[in-house]
Amino acid sequence: MDVPPDDLLTPTAGIITTPDGSRTALSARYGETYSSRHGAATQARQVFVEGSGTHEHPAPRVLEIGFGLGVNFRATVADTLRREVPLRYVAWEFDPARVDILRDVAEGEAHPIWTLLLERWPSTVPNGPIHLAAGNVDLTIHFEDVLNAELPQGWATALYLDGFSPTRNPEVWTPGFVARLAGTLAPRGALATYSAAGHVRRSLAAAGLTVERRPGAPGKRECLRAVRGA
Ligand SMILES: C[S@@+](CC[C@H](N)C(=O)[O-])C[C@H]1O[C@@H](n2cnc3c(N)ncnc32)[C@H](O)[C@@H]1O
């Protein structure tokens, strides 16, 4: 299979320092930032870690779409490390950013799993997943289009639905794909997303999930949690 050269990895423009001191970057391809420019770490913690109930789970199994710059992953590791609980994290990412962008956005991050990830981060789009383990953290990243992926069934205690906006990245927000995502949740598992758009709410409800509006991270009034029944 032809592998694109390094400079064909996703074009990512400037690093942006957000008001809480954490960083994100602008995707030149999508014309949007990877995380909220009103507070990248705050959004990760509030919308995804707390929104999915991961911060209270004794052994979270997180599925993420897409991995992006790893801001949500690092927020999740910080939480499970503090609570001394194991974490299994499986993410999809079809358009990996360059390693220097991941490093710059996470400046100061010292957890061994992050160091290992930067060492192993591909310089071209790889043919297969990477799997890493350090301490209590187990990470798998699938570098493929999640639309074509075989997703685990009934596995995730938390699902972070974090595509770019439904306007720019509509394929991960369709009713059909959202229904597939619902099938990845374990009983009582929760999907968290920053979008509170009406069509996203309706897709989640149509997939059989109980949808709850929550206060959004800075810059957004609301976000969503959608829970699978027991
Ligand atoms: C908003 S960013 C995610 C930010 C990330 N969660 C973080 O914490 O840094 C959206 C990501 O989803 C990825 N993505 C979008 N559509 C995808 C698809 N069909 N398959 C796999 N990844 C996808 C994009 O390449 C991008 O990296």
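Our subject is the structure that appears above.
Cut-offs and rules
Sequence order as written defines residue numbering, which begins from 1 separately in each chain. At least 70 in pLDDT is required for a residue's local features to be given in this predicted model, at least 80 for side-chain atom pairs to be given and counted, and no such filter applies to totals for whole chains, interfaces and linings, which use all residues. Values reported for side chains reflect all heavy atoms of the structure, with hydrogen atoms and water molecules removed beforehand. Each nonpolar core is a collection of buried residues, namely Ala, Val, Leu, Ile, Met, Phe, Trp, Tyr and Cys, held together in the definition by side-chain atoms within 4.5 Å. Whether a residue is buried, partly exposed or exposed follows from its accessible area with a 1.4 Å probe, protein chains only, as a fraction of its type maximum: under 20%, in between, or over 50%, in that order. Throughout, a contact is declared for two residues whenever any of their heavy atoms are within 4.5 Å. Only heavy atoms are used to decide nearness, and a residue is near a molecule or strand if one of them lies within 4 Å of it. Here a polar contact is recorded for every N or O atom pair within 3.5 Å, except that within protein the pair must consist of a potential hydrogen donor and a potential acceptor, and residues adjacent in sequence are included only if both atoms are side-chain atoms. Per-residue and other accessible areas were derived by the Shrake-Rupley procedure at a 1.4 Å probe size, with only the shown protein chains allowed to occlude residues. Aromatic contacts are taken between Phe, Tyr and Trp rings whose centres are within 6.5 Å, Trp giving its six-membered ring; a plane angle under 30 degrees counts as stacked, one over 60 as edge-to-face, and the others as tilted. Secondary structure elements follow DSSP: runs of H or I no shorter than four residues count as helices, runs of E no shorter than two count as strands, and numbering proceeds from the N terminus. We call a charge positioned above a ring when the Lys NZ or Arg CZ atom is no farther than 6 Å from the ring centre and deviates by at most 35 degrees from the ring normal.

Asker: Outline the nonpolar core, listing residues and values.
Answerer: Grouped together as the largest cluster of nonpolar side chains are 67 residues, with contacts concentrated most on Phe67, Phe73, Tyr89, Leu117 and Leu139. For leucine 139, the contacting residues outside a window of four places in its chain are Phe67, Phe73, Tyr89, Ile113, Leu117, Ile130, His131 and Leu132.

Asker: A description of the site of the ligand should follow, citing residues and the corresponding values.
Answerer: Around the ligand there are 20 residues in total, and Gly66, Asn72, Glu93, Asp145 and Asp162 lie nearest to it. Phenylalanine 94 places a polar main-chain atom, nitrogen or oxygen, 3.3 Å from a nitrogen atom of the ligand. Here a nitrogen atom of the ligand sits 2.9 Å away from a polar atom, N or O, in the side chain of aspartate 145. For the ligand, whose accessible area on its own is 610 Å², the fraction buried by protein is 99%.

Asker: Talk me through the packing of aromatic side chains; I want residue IDs and the actual numbers.
Answerer: One pass over the structure, following the stated rule, counts nine aromatic pairs. Where phenylalanine 48 meets tyrosine 160, the ring centres are 5.5 Å apart and the plane angle is 55°; that geometry is what we call tilted. Placement of the pair is phenylalanine 48 in helix α1 (residues 40-50) and tyrosine 160 in strand β8 (residues 156-161), with a sequence separation of 112 residues. Given a relative accessible area of 0%, phenylalanine 48 falls into the buried group. When its relative accessible area of 0% is taken as the criterion, tyrosine 160 is described as buried. The rings of Phe48, Phe67, Phe73, Tyr89, Trp121, Phe143 and Tyr160 are connected pair by pair, giving a single aromatic cluster. Seen from the ring of tryptophan 155, arginine 61 lies directly overhead, with NZ or CZ sitting 6.0 Å from the centre. One residue, arginine 74, lies across the ring of tryptophan 114, its end atom 5.3 Å from the ring centre.

All we've got here are geometric facts, nothing functional implied.
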